[in-house]
Amino acid sequence: MEQNNPKFRLRLNLFDAIVLVLVLAVGAVLVWFGLRSGGSGNTASSNMVQYTILFQKMEPGTSALISPGDPLVDTVKNYNLGTVVSTRVEPAVVQVLDQETRTYVDAVLEGYEDVYVTVESTCTDNGEALLLDGGYDFRVGQTTYVRGPGYMGSGPVTAIEREAEG
């Protein structure tokens, strides 16, 4: 007995041919841009960074809990944020509308204090964003939720200072 093996024939109609050409063209474009951007030399550099977080409207005396050398951790995703370098305490300031001039003016808020916490960490700069040692992406003005030994706080990042690469 002889086995009957039919020959394979590819039968494409016009619609199948158009879809096949489009898929191949999209694939070629993705490969082209992938190879082109891969060789652009976007290398990440790692260096030290100091940044300042402002804890607003804290009760007087609670700033004594924050001391240099404290490790800070992000309370949302447990990222390592660095180590406290220094703290600076100032009277709490809020903006109040002056009814006569219709402008906002700074006024001292009695019974509260603002604490500026300077933190140091290693940082990776890939040209688009700054990533702290633990992978935390941060920018000036971004609210940061922080946990230290015995305290928690949140506030905006007010300043970022990168140390020169050596």
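About the criteria used
Residues numbered from 1 in each chain as written. Predicted model: local features only at pLDDT ≥ 70, side-chain atom pairs only at ≥ 80, totals over all residues. Heavy atoms only, no water. Helix = DSSP H or I, 4+ residues; strand = E, 2+ residues; numbered from the N terminus. Buried < 20%, exposed > 50% of the residue type's maximum accessible area, 1.4 Å probe, protein only. Contact = heavy atoms within 4.5 Å. Salt bridge = Lys/Arg side-chain N within 4 Å of Asp/Glu carboxyl O. Phe/Tyr/Trp six-rings, centres within 6.5 Å; stacked < 30°, edge-to-face > 60°. Lys NZ or Arg CZ within 6 Å of the ring centre and 35° of its normal.

*Asks:* Got a sec to walk through unusual backbone geometry? Specific residues and values, please.
*Replies:* Notably, K57 is not glycine yet its phi reads approximately 55°, a positive angle. Mapped onto the elements, K57 comes out in strand β1 (residues 45-58). Take K57: its relative accessible area is 48%, and that puts it in the partly exposed class. Positive phi is not limited to glycine here, since R102 has a value of about 55°. Considering the arrangement of structural elements, one finds R102 in the loop between β3 (80-98) and β4 (103-125).

*Asks:* So what's going on with the side chain of T118? Which residues, and what values?
*Replies:* Residue position: T118 is located in strand β4. Owing to a relative accessible area of 17%, T118 belongs among the buried residues under this scheme. In contact with T118, other than residues within four places in its own chain, are Q50, Y51, T52, T83, V84, V85 and S86.

*Asks:* Help me get a handle on the pattern of salt bridges, residues and values and all.
*Replies:* Summed over the entire model, instances satisfying the criterion amount to 2 salt bridges. For E90, the salt bridge goes to R88, with nearest N and O atoms at 2.9 Å. A salt bridge links D137 to R139, with the nearest nitrogen and oxygen atoms 3.2 Å apart. On the basis of relative accessible area, D137 is assigned to the partly exposed category, the value being 29%.

*Asks:* Go over the packing of aromatic side chains with me, naming the residues and quoting the values.
*Replies:* Two numbers describe a pair of aromatic rings. These are the distance of the centres and the angle of the planes. By the definition in use, this model includes 2 aromatic pairs. Centre to centre, the rings of Y51 and F138 are 4.9 Å apart; their planes meet at 45°, and the pair counts as tilted. Taken together, the residues Y51 in strand β1 and F138 in strand β6 (residues 137-138) connect sequence positions 87 residues apart. Cation over ring: R88 sits above Y116, and NZ or CZ is 4.2 Å from the ring centre.

*Asks:* Outline the environment of G150, supporting the account with residue identities and numerical values.
*Replies:* Looking at where G150 falls in the secondary structure, it is placed in the loop between β7 (143-148) and β8 (151-162). Exposure remark for G150: the relative accessible area of 69% places this residue in the exposed category. With 80 residues separating them along the chain, G150 and D70 place their C-alpha atoms 10.0 Å apart.

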